[in-house]
Each structure stands twice: as C-alpha cells, then as structure tokens.
Amino acid sequence: MGKNLEHTSDVATGKMPARGKQTLAKRVREVLLAFGGEAHRALVIEQVARSLGHDVRQIPEDLQEALIHSFEENWRDERRRATYGFHLPFGEGSHRWSVRPEPAMIH
C-alpha cells in the first residue's frame with residue numbers, strides 16, 4: 001500500500017484527526033471547483049484518489065468511505081457547510097455534489 005490515505009483507515013472508528021478531515025474536505029472542494037463547481041461523487045472520489053497517487057481502477061475502500069464521510073459531515077454542519085460551500089443540488093441522498101465558490105475561509 002504505502003500511499004498516504006490522510007489517516008483514512010481510522011475513519012470508521014472515528015479516530016481521524018480534525019486536520020485529516022479538513023485536508024480531505026479541501027481536496028473535495030478543489031476537485032469540485034476544477035469541475036466547474038459540481039460533479040458526481042464517483043468522479044470526485046476518482047480524481048482525489050488520482051491526486052493521491054492511487055490507481056483509480058482500485059481505489060481503496062477506506063479512502064472512498066473517508067471522502068464520502070468528509071463531504072457529508074461538512075455538508076450537515078451549518079458552520080462547516082458555510083466554510084467549504086458544500087451543497088447537494090438534488091437534495092439529501094443525491095450522489096451529485098457541488099460547491100459554492102464564495103467561502104472565504106479556505107486557503
């Protein structure tokens with residue numbers, strides 16, 4: 001393995017440090033902005049995995065789960081949603097993710 005998963009292996013147990021969660025959220029945000037602000041979550045996960053050096057034909061399940069969890073956790077929290085600009089254009093349960101470009105706290 002040897003790839004940096006941003007501490008994703010501990011996500012299921014809730015052991016991911018806040019910094020690791022922020023890093024994943026920032027990566028998701030960057031990918032969404034690169035895709036014009038919106039994309040299917042599978043495409044976002046694939047692009048983040050590629051940027052971390054993974055073979056996109058075999059993306060580690062823990063990385064996929066960590067990215068989904070990161071998006072959902074930040075989308076559900078009003079303050080963090082405002083920070084990252086995460087949005088579900090088709091509502092809860094949708095796999096279409098989007099980001100609003102205005103948040104100013106990300107750098």
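These remarks concern the structure in this document.

Okay, the sheet that holds strand S2 (residues 86-87) next. Here we have three strands laid out as an open sheet, ordered S1-S3-S2, and antiparallel in their pairing. Edge positions in the sheet fall to strand S1 (38-40) and S2, since each has one partner strand and no second. Inspection of the sheet shows S2 paired to strand S3 (residues 96-99) by two bridges, in the antiparallel sense. Within S3, the residue paired with His87 across the bridge is Ser98. Each of S1 and S3 touches helix H2 (residues 41-51); the most contacted strand, S1, lies at about 95° to it.

What follows is about the pairing of S3. Two strands pair when backbone bridges link them, and S1 and S3 are joined in this way by three bridges, in the antiparallel orientation. Paired with Ala39 across the two strands is Trp97, which belongs to S3.

Once that is clear, we can look at the packing of aromatic side chains. Evaluation of the coordinates by the stated rule reveals three aromatic pairs. Taking 4.6 Å as the distance between ring centres and 25° as the angle between the ring planes, the aromatic pair formed by Phe71 and Phe86 counts as stacked. Residue Phe71 is located in helix H3 (residues 61-76), and its partner Phe86 is located in strand S2; the two are separated by 15 residues in the primary sequence. Note on Phe71: relative accessible area 1%, which makes it buried. Classification of Phe86 as buried rests on a relative accessible area of 2%. Aromatic pair Tyr84 and Phe86: ring centres 5.5 Å apart, planes at 20°, arrangement stacked.

Two side chains bearing opposite charge may form a pair once their charged atoms approach each other closely. According to the stated counting rule, one finds six salt bridges in the structure shown. Among the ionic pairs, Glu73 bridges to Arg80, the shortest N-O distance being 3.6 Å. According to the relative accessible area criterion, Arg80 is partly exposed, its value standing at 25%. For Arg76, the salt bridge identified is with Glu92, shortest N-O distance 2.9 Å. Of this pair, Arg76 sits in helix H3 while Glu92 is found in the loop between S2 and S3, placing the two residues 16 residues apart along the sequence. Overall, the relative accessible area of 56% leaves Glu92 in the exposed class. Three or more residues are tied together by salt bridges with common partners; here these are Glu73, Asp77 and Arg80.

A word on the nonpolar core. A general tendency of soluble globular proteins is for nonpolar side chains to be buried together. Membership of the largest hydrophobic core comes to 23 residues, with the highest contact counts inside it found for Val28, Leu32, Val44, Phe71, Phe86 and Trp97. Of all the elements in the fold, those that place two or more residues in this core are helix H1 (18-34), H2, H3 and S3. Counting residues per element, this core draws most heavily on H3, at six residues. With residues up to four places along the chain from it excluded, the contact list for Phe71 reads Val28, Leu32, Phe86, His87, Leu88, Trp97 and Ser98.

Procedures and definitions
Residues numbered from 1 in each chain as written. Predicted model: local features only at pLDDT ≥ 70, side-chain atom pairs only at ≥ 80, totals over all residues. Heavy atoms only, no water. Pairing = 2+ DSSP bridges. Helix = DSSP H or I, 4+ residues; strand = E, 2+ residues; numbered from the N terminus. Contact = heavy atoms within 4.5 Å. Axes fitted to C-alpha atoms, helices over the stretch in contact; angles between N-to-C directions. Phe/Tyr/Trp six-rings, centres within 6.5 Å; stacked < 30°, edge-to-face > 60°. Buried < 20%, exposed > 50% of the residue type's maximum accessible area, 1.4 Å probe, protein only. Salt bridge = Lys/Arg side-chain N within 4 Å of Asp/Glu carboxyl O. Core = buried A, V, L, I, M, F, W, Y, C linked by side-chain atoms within 4.5 Å.

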